[in-house]
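Take a look at the letters that make up each chain.
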Amino acid sequence: MFSFDQIIFKFVILAPPILLALTLHEVAHGLTAYRLGDPTARNAGRLTLNPLKHLDPLGTLIFFIANFGWAKPVPVNPLYFRNVKQGMLLVALAGPATNLVLAVASAIILKVLLAAGVAGNPSIIGAIYPLMQMLAASVWINLVLCVLNLLPIPPLDGSKILAGILPNELASSYMKVERYGFIILLVLLVSGLLSKVILPIVSFANGFLLS
């Protein structure tokens with residue numbers, strides 16, 4: 001069992017990378033849509049780094065408990081795009097791509113600190129240790145978000161990416177599954193199948209980035 005102090009410490013370490021990862025993921029979607037001509041996210045006040053505009057309370061809470069989670073989806077109106085399929089594909093890719101960049105950046109910063117000998121300097125390590133743990137957590141969290149959202153299960157980003165590649169009729173039929181998407185994800189999560197699918201990939205990528 002975790003002590004109260006350990007729970008608080010875990011919250012302090014995990015909160016910044018989780019908030020940053022979820023916020024930038026959603027902002028990336030909205031900003032990409034805006035650059036493609038869709039002002040919906042901007043008009044809804046979602047092109048902001050204020051995490052309160054993006055967080056889903058349940059999705060954020062579950063992230064602390066189960067290492068999975070989600071934010072409020074950014075509203076997108078594909079009718080503004082010149083090419084609807086291509087536009088939705090690019091918007092969908094923006095979120096996972098942002099998380100991948102954040103994971104790589106966090107790993108690089110952590111490696112720079114270690115290479116600089118911070119870990120072996122007692123006068124510095126006490127002050128910098130929480131930051132190093134946040135960076136390590138950021139690598140894992142962003143890889144989870146990247147891999148999870150690339151799964152081709154509606155309404156995850158991967159489903160929109162796949163729909164952007166499939167022929168129109170097949171894509172239209174495929175996206176009808178979206179009405180059952182949350183139920184599918186919930187079953188996969190509760191059954192443990194979701195963890196079995198994504199955690200080996202995340203663990204490999206995490207080890208690769210931090211090796």
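Residues numbered from 1 in each chain as written. Predicted model: local features only at pLDDT ≥ 70, side-chain atom pairs only at ≥ 80, totals over all residues. Heavy atoms only, no water.

Draft legend 1. Quick look at the overall build of the chain. The helix and strand inventory of the chain stands at nine helices and zero strands. When the elements of the chain are put in sequence order from the N terminus, they spell out α-α-α-α-α-α-α-α-α. The C-alpha atoms of the chain give 19 Å as radius of gyration, which agrees with the globular expectation for 211 residues (17 Å, within 12%). Across its three principal axes, the chain shows a C-alpha extent of roughly 60 × 40 × 30 Å. For the chain, the residues scored as buried account for 39% of the 211 residues in total. Between the mean site of the 13 positive side-chain charges and the mean site of the 7 negative ones, the chain shows a separation of 4 Å. (Helix = DSSP H or I, 4+ residues; strand = E, 2+ residues; numbered from the N terminus. Rg over C-alpha atoms; globule rule 2.2 N^0.38 Å. Buried < 20%, exposed > 50% of the residue type's maximum accessible area, 1.4 Å probe, protein only. Lys, Arg positive; Asp, Glu negative; His and termini not counted. Charge placed at Lys NZ, Arg CZ, Asp CG, Glu CD.)

Draft legend 2. Structural detail: a nonpolar patch on the surface. Where nonpolar side chains cluster on the molecular surface, the patch consists of Val177, Tyr180, Ile183, Ile184 and Val187 and spans about 430 Å² of accessible area. Along the chain, valine 187 falls in helix α8 (residues 181-191). (Patch = residues over 30% accessible without salt bridge, like charges linked within 9 Å, V, L, I, M, F, W, Y side chains within 5 Å. Areas by Shrake-Rupley, 256 points an atom, 1.4 Å probe, with all protein chains shown as cover. Salt bridge = Lys/Arg side-chain N within 4 Å of Asp/Glu carboxyl O.)

Draft legend 3. Geometry of the environment of glycine 87. You can see glycine 87 is positioned in helix α4 (residues 84-115). C-alpha separation for the pair glycine 87 and serine 106, spaced 19 residues apart in sequence, amounts to 29 Å. Ignoring anything within four residues of it in the chain, the contact list for glycine 87 reads Leu36 and Phe81. (Contact = heavy atoms within 4.5 Å.)

Draft legend 4. A look at the layout of surface pockets. For the largest pocket, the calculated volume is near 690 Å³. Looking at the lining of the largest pocket, the elements with two or more residues in it are α1 (4-35), α4, α5 (122-149), α6 (157-165) and α8. Counted by class, the lining of the largest pocket contains 20 nonpolar, four polar and four charged residues. By volume, the second largest pocket amounts to about 180 Å³. Tallied by class, residues from the lining of the second largest pocket come to six nonpolar, one polar and three charged. (1 Å grid on protein atoms, 1.4 Å probe; cavity = no way out; pocket = protein on both sides within 12 Å on 5 of 7 lines; lining within 4 Å. Points joined across faces, edges and corners; volume = space filled by probe spheres on them. Nonpolar A, V, L, I, M, F, W, Y, C, P; charged D, E, K, R; others polar.)

Draft legend 5. Representation of the packing of α6 against helix α7 (residues 168-175). Put simply, α6 and α7 touch, their axes get as near as 8 Å, and they point 160 degrees apart. By the criterion of interaxial angle, the relationship of α6 to α7 is roughly antiparallel. Only Ala171, Tyr174 and Met175 of α7 make contact with α6, whose side of the interface consists of Ser159, Lys160, Leu162 and Ala163. Here the residues of the contact of α6 with α7 are counted per class, giving five nonpolar, one polar and one charged. (Axes fitted to C-alpha atoms, helices over the stretch in contact; angles between N-to-C directions. Parallel < 35°, antiparallel > 145°, perpendicular 65-115°, else oblique.)

Draft legend 6. Spatial organisation of the environment of leucine 145. Tracing the chain through its elements places leucine 145 in helix α5. The exposure class of leucine 145 is buried, given its relative accessible area of 2%. Linking leucine 145 and histidine 25, residues 120 residues apart in sequence, is a C-alpha distance of 8.6 Å. Setting aside its immediate chain neighbours within four residues, leucine 145 contacts Ala21, Leu22, Phe63, Gly69 and Asn99.

Draft legend 7. Up close: the nonpolar core. Counting 28 residues, the largest nonpolar core has Ile18, Leu22, Phe63, Ile141 and Leu151 as the members making the most contacts within it. When contributions to this core are tallied by element, the ones reaching two or more residues are α1, α3 (57-66), α4, α5 and α9 (193-210). Counting residues per element, this core draws most heavily on α5, which supplies eight residues. Core analysis: the next-biggest nonpolar cluster, separate from the first, contains five residues, Leu110, Leu113, Ile128 and Met132 among them. (Core = buried A, V, L, I, M, F, W, Y, C linked by side-chain atoms within 4.5 Å.)

Draft legend 8. Region of interest: α4. The end-to-end C-alpha separation of α4 is 46 Å, in line with the 46 Å expected for 32 residues at 1.5 Å each. The opening residue of α4, the one whose side-chain oxygen lies 3.3 Å from the backbone nitrogen of lysine 85, is asparagine 83. Directly beyond the C-terminal end of α4, a positive phi value near 80 degrees is found at glycine 117. (Expected span 1.5 Å × (residues − 1). Polar contact = N/O pair within 3.5 Å; in protein donor to acceptor, adjacent residues only side chain to side chain.)

Draft legend 9. Geometry of the side chain of arginine 46. Topologically, arginine 46 is positioned in the loop between α2 (40-43) and α3. Although arginine 46 is buried, it makes no salt bridge; glutamate 26 carries the closest opposite charge, 4.3 Å away. Only 3.1 Å separates the side chain of arginine 46 from the side chain of histidine 54, close enough to count as a polar contact. Looking at arginine 46, its side chain comes within polar contact range of the main-chain oxygen of lysine 72, at 2.6 Å. Setting aside residues up to four positions removed in sequence, arginine 46 forms contacts with Glu26, Val27, Ala41, Lys53, His54, Lys72, Pro73, Val74 and Pro75.

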